[in-house]
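# Structure at a glance
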Amino acid sequence: MSQTKPFSISKKIVWEAYERVKANKGAAGVDSESIEVFEEDLKNNLYKIWNRMSSGTYFPPPVRTVAIPKKDGGERRLGIPTVADRIAQAVVKMYLEPWVEPSFHPDSYGYRPRKSALDAVASARQRCWRYAWVIDLDIRGFFDNLDHDLVLRAVRKYTQCSWILLYIKRWLEAPAQLEDGTLVPRTKGTPQGGVVSPLLANIFLHLAFDEWMRRAHPDVPFERFADDIVAHCRTQEQAQQVLESIRCRLAQCRLEVHPVKTRIVYCKDDDRPRGYPQERFDFLGYTFRPRRSKNRWGKFFINFTPAVSADAMTKMRQEMRRWRLHLRSDKAIDDLAHMWNPVLRGWIQYYGRFYKSALYPVFRHFNGLLVRWAMRKYKRLRRHRRRAEHWLGGIARREPGMFAHWFLLGVRPAAG
């Protein structure tokens, strides 16, 4: 490494950052350069990143923004940095993360090594059994409204490394490029989609929320996945007081509790007979609500527990329709299994962790698509849906492991 550079940055780290970016794939940024194009001159491109970062002359290009529809009818702006910029951000993350990670709260689960969304759901499930009330907290436009000065102040709590602070400031201030090419200056917020953004969010909320909760409300446990937060209280009065306290705290941090999406929820079960207007909440793709469950002795009872949310099931069905499976009559059924089993397994592994029977309707829908495919592919099955269902059931009995979801539904898949 050259000793004439003002900043000491390892070439090896730049290479490892590139490998991480490549593994995560991702779309092209404002320069329309894909990872494949970037790799055509890989050695030179990586050298440029290292040289400019080491000399202090690296300036991030604008961030391409894409509008993502939200379920409430609004839009979320996803920021897509260039490949080179994602590598540069990964370099900073690889230096900064080991310094801050040991300080993070154990109930912060988002974008952290050895922690997952399912860990957060499991913890929330256990606590809903012990605490009767939940604060379902939504921070209005969190990533879009982060105050730059406060973010930099938070990062300085963990490092005084001048080049890390320099580049984080430049990334925060990099303009956004809209679909029509218009450049929009950024005076607040950090783009969702940036490599370093989740780490900055965790640093900020660790100080703004996690540590503050530990001091101000040590008897109120919570789970936080980035800006998705639930907190557990013993009484309705405590939940109301804590929510008002959180509202004031976030206002001090120049953030706002969403007035509509934030709710106090009652975790109703057999031991909590009283009613309350809000008895369900969504968290990380799961809906928590009272459900009929069976104990080890076969007795049914009402249990407040998570299962795949209606929104998640809708998205899965929409994804299945995008596959246009009925038009793939050139494929054999085992080809279809090979194509889609990785996705099906992923859904089962995530959404099937808790109350997996809630997934049955989604996979019955998929079986219905397979029936439709069979009716189109084989002349003898055309206009004979029941016969096609019987044909599919026969395959399932002979080869129950062909499709990843068939074991959930039993040997004979019911189409629907």
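Please refer to the structure placed before this passage.
The notes below deal with the structure included here.

Definitions and limits used
Residues numbered from 1 in each chain as written. Predicted model: local features only at pLDDT ≥ 70, side-chain atom pairs only at ≥ 80, totals over all residues. Heavy atoms only, no water. Helix = DSSP H or I, 4+ residues; strand = E, 2+ residues; numbered from the N terminus. Buried < 20%, exposed > 50% of the residue type's maximum accessible area, 1.4 Å probe, protein only. Areas by Shrake-Rupley, 256 points an atom, 1.4 Å probe, with all protein chains shown as cover. Axes fitted to C-alpha atoms, helices over the stretch in contact; angles between N-to-C directions. Left-handed = near helix turned anticlockwise from the far one by under 90°. Contact = heavy atoms within 4.5 Å. Nonpolar A, V, L, I, M, F, W, Y, C, P; charged D, E, K, R; others polar. Salt bridge = Lys/Arg side-chain N within 4 Å of Asp/Glu carboxyl O. Core = buried A, V, L, I, M, F, W, Y, C linked by side-chain atoms within 4.5 Å. Expected span 1.5 Å × (residues − 1). Arc of directions from axis to C-beta. Patch = residues over 30% accessible without salt bridge, like charges linked within 9 Å, V, L, I, M, F, W, Y side chains within 5 Å. Lys, Arg positive; Asp, Glu negative; His and termini not counted. Charge placed at Lys NZ, Arg CZ, Asp CG, Glu CD. Pairing = 2+ DSSP bridges.

### Re the overall build of the protein chain
The secondary structure content of the protein chain amounts to 15 helices and 11 strands. The principal-axis extent of the C-alpha atoms belonging to the protein chain is close to 75 × 60 × 40 Å. The proportion of buried residues among the 416 residues of the protein chain is 50%. Carbon and sulfur atoms make up 49% of the accessible area of the protein chain, which amounts to about 20800 Å² in all.

### Focus: the side chain of D147
The residue D147 is located in the loop between α6 (142-145) and α7 (148-156) in this model. Under the relative-accessibility criterion, D147 is labelled buried at 16%.

### Concerning the packing of helix α9 (residues 197-216) against helix α10 (residues 236-252)
Where α9 meets α10, the axes come as close as 10 Å, and the angle between the chain directions of the two elements is 145°. Here α9 runs over α10; the crossing is right-handed. When α9 is examined against α10, the residues L207, A208, F209, W212 and M213 are found in contact with a partner set consisting of S245, I246 and R249. In terms of residue class, the contact of α9 with α10 is made up of six nonpolar, one polar and one charged.

### Observations regarding the pattern of salt bridges
This structure, assessed with the given rule, holds 14 salt bridges. R127 serves as the salt-bridge partner of E223, at 2.7 Å between the closest nitrogen and oxygen. Highlighted residues: E223 in strand β6 (residues 222-225) and R127 in helix α5 (residues 117-130), separated in sequence by 96 residues. The exposure class of E223 is buried, given its relative accessible area of 0%. Given a relative accessible area of 13%, R127 falls into the buried group. For R322, the salt bridge is made with E319, and the minimal N-O distance between the two is 2.8 Å. Of this pair, R322 and E319 both sit in helix α11 (residues 310-322), three residues apart, which is roughly one turn of the helix. Taking relative accessible area as the criterion, E319 reaches 26% and is therefore assigned partly exposed. Among the charged side chains, a salt-bridge network with shared partners connects D107, R127 and E223.

### So, the nonpolar core
Membership of the largest hydrophobic core comes to 75 residues, with the highest contact counts inside it found for M53, I87, W163 and F204. Among the elements that take part in this core, helix α4 (residues 83-100) stands out by supplying 11 residues, more than any other. Leaving out residues up to four positions away in the same chain, W163 has contacts with F7, S8, I9, M53, V91, V92 and Y95. Within the second largest apolar cluster, 60 residues are counted, among which are F225, F288, F304 and W323.

### Describing α11
For α11, with 13 residues, the first-to-last C-alpha span of 18 Å sits near the 18 Å given by 1.5 Å per residue. Inspection of α11 places A312, M313, M316 and M320 among the buried residues, and these make up the whole buried set. For α11, the buried positions fall inside an angular range of 100° around the axis, keeping them on one side. Facing away from the buried side of α11 by over 90 degrees, the exposed positions are A310, K315 and R322. Buried residues belonging to α11 abut β11 (300-308), α12 (333-351) and α13 (360-377). Looking one or two residues past α11, R324 carries a phi angle of roughly 50°, positive in sign.

### Overview of a positive patch on the surface
There is a patch of like positive charges on the surface, built from R324, R372, R376, K379, R382 and R383. Along the polypeptide, K379 turns up in the loop between α13 and α14 (385-398). Relative accessible area serves as the criterion here: at 68%, K379 is assigned to the exposed category.

### Thoughts on a negative patch on the surface
A contiguous patch of negative charge, built from D330, D334, D335 and E399, is present on the exposed surface. Note that E399 resides in the loop between α14 and α15 (406-409). Take E399: its relative accessible area is 43%, and that puts it in the partly exposed class.

### Quick look at the pairing of β6
Covered by surrounding structure in β6 are F222 and R224 together with E223 and F225, the residues of both alternating faces. Two elements, β6 and strand β7 (residues 228-233), share four bridges in a ladder whose sense is antiparallel. Residue pairing for β7: F222 is matched across the bridge by A231.

### So, the sheet that holds strand β4 (residues 176-177)
The strand order across the open sheet built from four strands is β2-β1-β4-β5, with neighbouring strands paired in mixed fashion. At either margin of the open sheet sits one strand with a lone partner, and together these are β2 (75-80) and β5 (183-184). As judged from the two bridges shared by strand β1 (residues 63-69) and β4, these two strands associate in the parallel manner. Looking across to β4, one finds that R64 is bridged to Q177.

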